[in-house]
Amino acid sequence: MIAAIPVPKHDVRVGAPINPSTTRGYDIMLSMKFDKIEDFKAYLAHPKHMELLRRYGPPLLRDMISYQIDGAAPQSKL
């Protein structure tokens, strides 16, 4: 269903953690990259994305963490 949202995105990944004991109870991850912030905003507002949230979001998901990062920041030296 994510593929049906006509917004440029890549590196879409969904999966379970390798070590669930480190995830504070979270058991699935969804990650995707957008080339521009405008693409990300268009994805968020798209009707198919809203349908996904209605279908798979609360109350089905009891809790979730959502955050965005700006990949243009300098790479960490860790």
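Nothing here was measured: the structure is a model prediction, and the numbers come from that model.

Draft legend 1. Looking closely at the overall build of the protein chain. A count of helical and extended segments in the protein chain gives two helices and two strands. When the helices and strands of the protein chain are listed from N to C terminus, the series reads β-β-α-α. The principal-axis extent of the C-alpha atoms belonging to the protein chain is close to 40 × 35 × 15 Å. In the protein chain, the proportion of contacts linking residues at least 24 apart, taken out of those at least 6 apart, comes to 47%. Charge-centre separation for the protein chain: the mean point of 11 positive side chains lies 2 Å from the mean point of 8 negative side chains.

Draft legend 2. Representation of the packing of aromatic side chains in the model. Considering all chains together, one arrives at two aromatic pairs under this definition. An angle of 50 degrees between the planes, with centres 5.4 Å apart, marks the rings of F34 and Y43 as tilted. Residue F34 shares its accessibility class with Y43, and that shared class is buried. Among the aromatic side chains, those forming a connected cluster through ring pairs are F34, F40 and Y43.

Draft legend 3. Main features of the nonpolar core. Counting eight residues, the largest nonpolar core consists of I2, I5, V7, M32, F34, F40, Y43 and L52. Sequence-distant contacts of V7, that is, excluding residues within four places in its chain, are made with F34, D39, A42 and Y43.

Cut-off values and rules
- Residues numbered from 1 in each chain as written.
- Predicted model: local features only at pLDDT ≥ 70, side-chain atom pairs only at ≥ 80, totals over all residues.
- Heavy atoms only, no water.
- Helix = DSSP H or I, 4+ residues; strand = E, 2+ residues; numbered from the N terminus.
- Contact = heavy atoms within 4.5 Å.
- Lys, Arg positive; Asp, Glu negative; His and termini not counted.
- Charge placed at Lys NZ, Arg CZ, Asp CG, Glu CD.
- Phe/Tyr/Trp six-rings, centres within 6.5 Å; stacked < 30°, edge-to-face > 60°.
- Buried < 20%, exposed > 50% of the residue type's maximum accessible area, 1.4 Å probe, protein only.
- Core = buried A, V, L, I, M, F, W, Y, C linked by side-chain atoms within 4.5 Å.

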